[in-house]
Amino acid sequence: MTPPLPAAPGPRGAPLVGNAPDLKRDLYAALRRDFGRYGDVVRYQLGPRVVHLLSHPDLAQQVLVNRAAQHPKLPAGNGLGLLLGRGLVTNDDHPSWLSQRRMMQPVFHRERLAGMAGEMTAAGDRMLERWRVRYRPGDTVDVAEELMRVTLDIISRTMFGAEVGQDAAHIGPAVEEGTRFVNLRSQSAVRLPLRWPLPAHGRFRVAKGTLDAVVARIICERRTAGPGHGDLLDMLMEARDADTGERMSDQQLHDEVVTVFGAGHETTANALAWAWFLLARHPHVLARLQAEVDEVLAGRDPTLADLGRLPYTGQVFQETLRLYPPAPLVSPRLVLEDTALGGYAVPAGSALLVSIANIHHHPDFWENPDTFDPDRWAPGQTAKRHRLAYLPFGAGPRLCIGNNFALMEGPLLLALTARAAEFRLSPGQTVTPQQAVTLRPRGGLPLTYHPRRGTA
Ligand code: HEM
């Protein structure tokens with residue numbers, strides 16, 4: 001008889017709350033630390049629930065791809081679900097998720113998104129113009145906040161076209177307030193019921209109420225006006241289930257619109273913020289990026305066709321997603337039956353956290369894992385790598401549906417911005433990552449602004 005498998009190692013927790021207070025203090029640092037101390041599988045106790053942190057590409061393959069059906073998402077109703085409803089990200093009911101995914105997949109194909117590149121660069125231009133008017137050379141700018149603004153502008157325009165008008169002014173702040181609340185709540189060990197009359201709950205309810213009302217109004221107006229706008233809303237409204245031919249109900253459409261808003265701007269904004277942080281720390285990489293952008297664009301805005309001619313810009317973006325993956329953990333998965341992972345016993349009912357950030361720093365798969373080296377992505381360098389050693393967009397059936405969108409938007413904005421400006425760190429300045437739902441620079445990213453000659 002084979003002996004039973006051992007439980008995975010992990011830090012000892014406090015009575016009742018277990019490891020929750022330690023993880024809450026600094027989730028990102030704690031998960032990186034425990035990977036270093038205990039290895040590819042770490043066991044935590046969070047209140048009543050056993051949680052396993054998984055930091056090996058084979059384990060990601062097993063949980064997210066091979067046995068995805070045995071590891072559904074943990075219900076998110078009391079966290080992210082408060083903002084996103086039962087849209088694609090938070091829907092944990094496999095049949096209804098699958099039907100939604102099938103309907104939405106074609107909307108996010110590269111060819112259908114191609115027409116949106118112009119909206120992306122136009123929003124980038126509006127951002128540059130705002131900087132030109134508002135800031136003088138050497139001024140300190142919160143780059144993280146500026147990039148959040150531009151990606152929100154982009155998702156608004158690509159979702160609703162030009163017609164949002166006045167309503168757009170309400171959507172942005174409402175999404176930001178909602179995201180802020182959900183981010184804070186995601187870090188909290190105890191989630192108090194939303195009906196409790198706390199100021200933060202009140203602000204969230206107002207923001208969510210505004211968002212819901214505006215989105216409902218826009219959908220209603222669009223139902224009356226009919227299609228012809230060429231935006232994401234048109235495409236989502238026209239999407240049909242391949243088997244039944246049915247369209248989305250108003251409620252489904254509503255939740256998907258809010259979901260794409262929520263999932264589709266903060267991640268890319270953070271990726272770009274980290275890119276500018278890394279470029280500020282590595283002037284030789286910035287110089288190479290600028291040389292490429294100057295040569296290929298010769299002072300004009302980038303187009304989608306240019307992306308193939310800006311390989312180094314793409315490499316910088318990819319390497320940024322490796323070092324600072326904007327979604328450092330995939331959403332928690334559930335273990336339906338007792339199972340084994342990495343040689344350890346994992347009981348039914350426990351939650352699994354696949355750590356994208358730890359896998360991206362795994363010393364068995366990356367040479368000098370902490371070094372920022374865009375040349376890892378040079379042609380010919382990637383062939384021998386484990387398929388899931390790099391998974392910024394997740395893997396398996398729940399792979400990010402917006403990856404093509406992000407891989408257009410990120411490099412386009414990076415090229416556009418690098419053409420016109422650069423940012424520098426102040427002497428002695430440190431920047432640390434903070435993990436909420438996404439990985440962001442703690443306290444923002446204040447950098448000094450330096451327009452490039454001929455663009456001020
Ligand atoms: C750099 C930018 C982005 C990163 C790093 C990122 C990362 C991810 C990851 C890791 C997942 C999988 C989560 C899991 O399995 O639990 C995911 C799912 C998702 N993402 Fe993204 N994302 C990005 C941009 C976008 C954009 C631009 C959109 C929409 C326009 C989007 C929409 C979604 C949606 C709807 C899902 C849920 C898919 C499903 O469960 O079927 N994401 N994203």
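One can find the structure itself at the top, above this paragraph.
The sections below set out a description of the structure shown in this document. For clarity, every value in this text was computed on a predicted model and none was experimentally measured.

**A look at the packing of aromatic side chains**
Within the structure shown, the criterion is met by twelve aromatic pairs. Considering the side-chain rings of W274 and Y324, the 4.0 Å spacing of their centres and the 5° angle between planes classify their relative orientation as stacked. In this pair, W274 sits in helix 13 (residues 266–281) while Y324 sits in the loop between helix 15 (311–323) and strand 4 (333–334), placing the two residues 50 residues apart along the sequence. Across this residue pair, the class does not change: W274 and Y324 are buried. The rings of W131, Y135, W276, F423 and Y449 are connected pair by pair, giving a single aromatic cluster. One Lys or Arg, R385, reaches over the ring of W377 and ends 4.7 Å from the middle of that ring.

**Details of unusual backbone geometry**
For residues other than glycine, phi is negative in most cases, and the peptide bonds are mostly trans. At L16, a position not held by glycine, the phi torsion is positive, near 70°. Here L16 is to be found in the segment before helix 1 (20–25). Positive phi, close to 45°, is recorded for N368, a residue that is not glycine. You can see N368 is positioned in the loop between helix 16 (356–360) and helix 17 (403–420). Its relative accessible area of 52% is what places N368 among the exposed residues.

**Observations concerning empty space enclosed by the protein**
Enumeration over the complete set of coordinates arrives at one cavity of 30 Å³ or more. Of the volumes computed, that of the largest cavity is approximately 30 Å³. Counting only elements with at least two residues in the lining of the largest cavity, the list comes to helix 2 (27–38) and helix 16. The leading source of residues in the lining of the largest cavity is helix 2, at three residues. Taken together, the residues of the lining of the largest cavity sort by class into five nonpolar, three polar and one charged.

Calculation notes
Residues numbered from 1 in each chain as written. Predicted model: local features only at pLDDT ≥ 70, side-chain atom pairs only at ≥ 80, totals over all residues. Heavy atoms only, no water. Phe/Tyr/Trp six-rings, centres within 6.5 Å; stacked < 30°, edge-to-face > 60°. Helix = DSSP H or I, 4+ residues; strand = E, 2+ residues; numbered from the N terminus. Buried < 20%, exposed > 50% of the residue type's maximum accessible area, 1.4 Å probe, protein only. Lys NZ or Arg CZ within 6 Å of the ring centre and 35° of its normal. 1 Å grid on protein atoms, 1.4 Å probe; cavity = no way out; pocket = protein on both sides within 12 Å on 5 of 7 lines; lining within 4 Å. Points joined across faces, edges and corners; volume = space filled by probe spheres on them. Nonpolar A, V, L, I, M, F, W, Y, C, P; charged D, E, K, R; others polar.

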